[in-house]
Amino acid sequence: MMLSFIMALYSCTSDQESLDDMKISEVNLISNIDGCSVYDLEFGQEAIITVRNFYDYLEVRVNKISSKSLNKMSIHFAKDLADFPKKGNGQLNPSEFYYSESVDKAVDEVILRFNFKDLNIAVGEEIMISAVAQFGKGKNREEHFATDETLTNGKFYFTYQIENFKNYAGTDQIREITLSEAQALPSWDEVRKTYASMLDSGVNKKDGVYKPSIWDLIYDFNDPSRETQLGDYPTTYTLGTGSCSDSTNLILRVVPDSQ
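Since we're looking at a predicted model, the values are computed, not measured.

So, how was this worked out
Residues numbered from 1 in each chain as written. Predicted model: local features only at pLDDT ≥ 70, side-chain atom pairs only at ≥ 80, totals over all residues. Heavy atoms only, no water. Helix = DSSP H or I, 4+ residues; strand = E, 2+ residues; numbered from the N terminus. Buried < 20%, exposed > 50% of the residue type's maximum accessible area, 1.4 Å probe, protein only. Contact = heavy atoms within 4.5 Å. Phe/Tyr/Trp six-rings, centres within 6.5 Å; stacked < 30°, edge-to-face > 60°. Salt bridge = Lys/Arg side-chain N within 4 Å of Asp/Glu carboxyl O.

Observations regarding the environment of Leu252
Alright, step 1. Along the chain, the position of Leu252 falls in strand β16 (residues 246-255).
Alright, step 2. Take Leu252: its relative accessible area is 6%, and that puts it in the buried class.
Alright, step 3. Note: C-alpha distance between Leu252 and Thr235 (17 residues apart in sequence) is 8.5 Å.
Alright, step 4. With residues near it in sequence (within four places) discarded, Leu252 still touches Arg175, Ile177, Thr194, Tyr195, Met198, Gly231, Asp232 and Tyr233.

Below you can see the structure in the form of structure tokens.
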């Protein structure tokens, strides 16, 4: 039964365009950065699709690498093969995928986010993902599945393990303190602790990077050319690097003392 289903998949057509010409990538790209796995697969010779998870959502990026237009994206997430939409004849039906939308003209990059709650998935679970993209126009129109020689190995889907995202930086925060409280902060470390106290519970408060730095914020506050020390002192706190980093915006707002 499984063999017949897979064979039917490779013979299915969409808009009279055959999927028989699906090209299997010769590369296997799974990178691991700071405990975060990033999956890179190919849509034939036309685009790269990157999948990775953050704290509570999956991010899917598609970057076009050919001159052909990217017309449509279809993505489905499943825990069982029976969860993939099929037509009456048993062939896969990408138009009924969880996400299936046209892409605006001249768009070379598509970034999509899918919340764990909406997908009914959780950290530690393994899911199956199938992605299909349509390229070109008229007789040159083609449809490709996301493939990788190892990840898909001739299948129309790949498995993805939802990992614990260690670099979660939390949500954006604003805190107000009075001018006298700000002026009374005695040291660099106390200023840092003031910003760190704004971070969400459970967030790693020691290993992140502040930009502007804490020193830059102190210099800004004490700049003699400032008309007033009142106002916002924003910084971005980042955990991790590259594709597996996460950031949050922190604003310390200095307000007048109560009269």
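Here the narrative resumes, following the displayed structure.
Some words on the packing of aromatic side chains
Alright, step 1. Taken as a whole, this structure holds 17 aromatic pairs when the rule is applied.
Alright, step 2. Ring centres 6.2 Å apart and planes at 55° place the aromatic pair Phe43 and Phe135 in the tilted group. Placement of the pair is Phe43 in strand β4 (residues 36-43) and Phe135 in strand β10 (residues 126-135), with a sequence separation of 92 residues.
Alright, step 3. Phe135 sits in the buried class, given a relative accessible area of 0%.

Points about the pattern of salt bridges
A side chain with one charge can pair with a side chain of the opposite charge if their charged atoms come near.
Alright, step 1. This model, assessed by the stated rule, comprises 11 salt bridges.
Alright, step 2. Here Arg61 ties to Glu109 by a salt bridge, and the two come within 3.3 Å at their closest N and O atoms. With Arg61 in strand β6 (residues 57-64) and Glu109 in strand β9 (residues 109-115), this residue pair connects regions lying 48 residues apart in the sequence.
Alright, step 3. On the accessibility criterion, Glu109 (38% relative accessible area) is partly exposed.
Alright, step 4. Between Asp189 and Lys193 there is a salt bridge, with the nearest N and O atoms lying 3.4 Å from each other. Of this pair, Asp189 and Lys193 both sit in helix α4 (residues 188-196), four residues apart, which is roughly one turn of the helix.

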